Amino acid sequence: MTGSRVLVVVPTYDEVDNLEPVLDRLHAAVPDAHALVVDDGSPDGTGELAEELAAQDERVHVLRRTEKAGLGPAYVAGFRWGRARDYDVLVEMDADGSHDPEQLPALLAALDGADLALGSRYVPGGRVEDWPRRRLLLSRLGNVYTRRALRLPLADATGGFRAVRGDLVDRLPFDEVASQGYCFQVDWAWRAWRAGARVVEVPITFSERASGRSKMTSSIVVEALARVTGWGLQDRLADRLPGRVPPPVPGRVRDGGRSSEVR
Ligand SMILES: Nc1nc2c(ncn2[C@@H]2O[C@H](COP(=O)(O)OP(=O)(O)O[C@H]3O[C@H](CO)[C@@H](O)[C@H](O)[C@@H]3O)[C@@H](O)[C@H]2O)c(=O)[nH]1
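Summary of the structure given here. As the structure is a prediction and not an experimental result, all values here were calculated from the model. (Residues numbered from 1 in each chain as written. Predicted model: local features only at pLDDT ≥ 70, side-chain atom pairs only at ≥ 80, totals over all residues. Heavy atoms only, no water.)

Buried residues dominate strand E1 (residues 6–12), accounting for seven of its seven residues. Of the two faces of E1, the one holding Val6, Val8, Val10 and Thr12 and the one holding Leu7, Val9 and Pro11 are both buried throughout. Taken together, the four bridges between E1 and strand E4 (residues 89–92) define a ladder with parallel strand orientation. Counterpart to Leu7 in the pairing with E4 is Leu90. As for the winding sense of the linkage, the β-α-β connection from E1 through helix H1 (residues 19–29) to strand E2 (residues 34–40) is right-handed. (Buried < 20%, exposed > 50% of the residue type's maximum accessible area, 1.4 Å probe, protein only. Helix = DSSP H or I, 4+ residues; strand = E, 2+ residues; numbered from the N terminus. Pairing = 2+ DSSP bridges. Right-handed = clockwise from strand over helix to strand, strands pointing away.)

Next up, the structure:
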């Protein structure tokens, strides 16, 4: 979307070695983009570093929260901050170098014909590099399960590199989004699709983080499994209710220009 004001929301927890290189790469790739670092009281000083970077560069902003409250609430706070300041496009990007800012222009370009552009590791052309095999397996299985349980025609609903038009953010009921962990990604992609949003998957390369450790925990996995299973069951039960009001017309999903069927 040419001429748009773009805000890249970067959630951080203990990313002191990764943050500056990632912001440098972002501004080399998309010089006009602004970045909002949403730090949850990182003990390693990421929040203080973000303040220093913001003092040196007017394109960098910081939202500091007092404690680690999860990826979902961090993004909701970042999206609200961005919409209150009239950014037209909001972007999700990890702080650890897993997402390549050079691929951001492709995500932004995809918004010309879509409301939500998902960076996708699992469409043709997408890749995962150097991730431990068990993480890759978990991610693949999580996506297969999500697709089946929610009848959501996405190859990668759990990824965290995406761009969304501000007006879609305004339409979504983020007050109802209770997901704390990485399930947040599925949660709002699903709500967007059900709300009739035009969703496109854009191939990306995801690489193992540059330094530090993943914040993935077993409770994040359990939350995702429980929530996705619950939503899927509710949806199927609702199908059986007499006089059920038809669900909203689902949005279109495209992958490289082709329409996808619900699998
Ligand atoms: N503010 C804040 N940030 C957090 C929190 N937990 C994690 N983060 C930040 O969120 C980003 C992703 O966390 P990682 O721990 O690096 O995630 P990963 O294991 O590489 O995650 C992969 O799976 C996620 C779930 O599908 C994806 O969202 C992510 O893109 C990637 O594919 C990092 O920038 C990390 O600092 C939190 O509680 N609060």
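Right, picking up where we left off after that structure.
Moving on, we come to the site of the ligand. Neighbouring the ligand are 26 residues; Glu15, Arg135, Thr158, Ser214 and Lys215 lie closest to it. In the environment of the ligand, an oxygen atom lies 2.6 Å from a nitrogen or oxygen atom belonging to the side chain of Glu15. Measuring from an oxygen atom of the ligand, one finds a backbone N or O atom of Thr158 at 2.6 Å. Burial of the ligand by the surrounding chains reaches 97%, relative to a free accessible area of 750 Å². Counting residues per element, the ones that place at least two in the shell around the ligand are E1, E2 and helix H3 (71–84). The residue makeup of the shell around the ligand, split by class, is ten nonpolar, seven polar and nine charged. (Near = heavy atom within 4 Å. Polar contact = N/O pair within 3.5 Å; in protein donor to acceptor, adjacent residues only side chain to side chain. Areas by Shrake-Rupley, 256 points an atom, 1.4 Å probe, with all protein chains shown as cover. Nonpolar A, V, L, I, M, F, W, Y, C, P; charged D, E, K, R; others polar.)

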